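# Structural features, examined
Here are the chains, one letter per residue:
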Amino acid sequence: MTDMTDKELFIEEKLLNSVKKLLSGRLNELLEGTEYPIPPVEFGNYRGGSAVVPTITLSTCERTEKERVIRLDAYTLTVAFIVPEHPAGERNCYAYASSVATALWEDPTLGGIVDRAVLAGKKYVPPKQSGTGGDWEVILTLRVTVEGMANAG
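Structural notes, computed from the coordinates. (Residues numbered from 1 in each chain as written. Predicted model: local features only at pLDDT ≥ 70, side-chain atom pairs only at ≥ 80, totals over all residues. Heavy atoms only, no water.)

## Quick look at the overall build of the chain
Condition: Here a strand is any run of E in DSSP of at least two residues, a helix any run of H or I of at least four, and the numbering for each starts at the N terminus. Contact definition: two residues touch when any of their heavy atoms are within 4.5 Å.
On a plain count of helices and strands, the chain comes out with 3 helices and 4 strands. Across the chain, every contact between residues at least 6 apart in sequence was considered, and the portion connecting residues at least 24 apart equals 62%.

In structure tokens:
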């Protein structure tokens, strides 16, 4: 099996890869610069408590009339961080959300892959019952627009 070149990837694959790169690259750099130790982001079959493995969900979203006319595809990308209950768990959720916002502000085109990516929503979910070892969760919603012709592959 041969490796696919960047040109052979679908825009959805490019989008997911660029978000993973942002999270495991610039986001981790921003987290390292914080006053408190915050577990870095890892991807793959990582197991252990010294890092977090966010889940990324991609779906298309409804386009505005203007986006249809100028042929922009719109995507909703959800990034969820599961943070173990810990005295700093809530603060770590805020740190992940803030660092993602900063990284997107610095690179709104995700390295030139998209026309624009913006953080459209943040949701913080505490453990169902405090003190039981449940997890915190921060769910970030990104709205991404891509020129429609990019889907040609």
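## Focus: helix H1 (residues 11-32)
Counted only if it meets this: Multiplying 1.5 Å by the residue count of a helix minus one yields the expected span of that helix. Throughout, bend refers to the angle between the axes fitted to the seven residues that end at a position and the seven residues that start at it. Here the term buried applies to any residue with accessible area under 20% of the maximum for its type, exposed to any over 50%, and partly exposed to those in between, with areas from a 1.4 Å probe on protein chains only.
With 22 residues, H1 ought to run about 32 Å at 1.5 Å a step, and its terminal C-alpha atoms sit 31 Å apart, in line with that. Helix geometry: H1 is bent most strongly at Leu 22, by close to 30°. Among all positions of H1, only Ile 11, Lys 14, Leu 15, Ser 18, Val 19, Leu 22, Leu 23, Leu 27, Asn 28, Leu 30 and Leu 31 are buried. In the core, the buried residues of H1 are packed alongside strand S1 (55-60), strand S2 (72-84), helix H3 (89-106) and strand S4 (135-147).

## Side note on the nonpolar core
Heads up, the condition is: We call a set of buried residues a nonpolar core when its members are Ala, Val, Leu, Ile, Met, Phe, Trp, Tyr or Cys and they connect through side-chain atoms within 4.5 Å of each other.
Counting 32 residues, the largest nonpolar core has Leu 15, Leu 23, Phe 81, Tyr 96, Leu 110 and Val 144 as its most contacted members. Counting residues per element, the ones that place at least two in this core are H1, S2, H3 and S4. No other element matches H1, which puts 8 residues into this core. Beyond its immediate chain neighbours, meaning those up to four positions away, Tyr 96 contacts Leu 27, Leu 31, Ile 38, Pro 39, Val 41, Val 52, Phe 81, Val 83, Val 138 and Leu 140.

## Focus: the pattern of salt bridges
Selection rule: The salt bridge criterion pairs a side-chain nitrogen of Lys or Arg with a carboxyl oxygen of Asp or Glu, the two atoms within 4 Å.
All chains considered together, the criterion is met by 2 salt bridges. When the shortest N-O distance is used, the salt bridge between Arg 26 and Glu 29 registers 3.1 Å. A residue pair is termed a helical-turn pair when its members lie 3 or 4 positions apart in one helix, as Arg 26 and Glu 29 do in helix H1 at 3 residues. Of the charged contacts, one joins Arg 26 and Glu 106 as a salt bridge, the two residues approaching to 2.6 Å between their closest N and O atoms. Of this pair, Arg 26 sits in helix H1 while Glu 106 is found in helix H3, placing the two residues 80 residues apart along the sequence. A relative accessible area of 29% means that Arg 26 is categorised as partly exposed.

## With respect to the environment of Tyr 94
The cut-off we apply is this: Under the rule applied, a polar contact is a pair of N or O atoms within 3.5 Å (in protein, one hydrogen donor and one hydrogen acceptor; residues adjacent in sequence only if both atoms are side-chain atoms).
Considering the arrangement of structural elements, one finds Tyr 94 in helix H3. Look at Tyr 94 and you get partly exposed, because its relative accessible area is 38%. Taking the C-alpha atoms as reference points, Tyr 94 and Lys 122, 28 residues apart in sequence, are found 9.5 Å from one another. In this structure the side chain of Tyr 94 is engaged in a polar contact, spanning 2.6 Å, whose partner is the side chain of Glu 90.

## Observations concerning the environment of His 86
Its place among the elements puts His 86 in the loop between S2 and H3. Through-space distance from the C-alpha of His 86 to that of Gly 133 is 8.1 Å; in sequence the pair is 47 residues apart. At 2.8 Å, the side chain of His 86 forms a polar contact with the backbone nitrogen of Ala 88.

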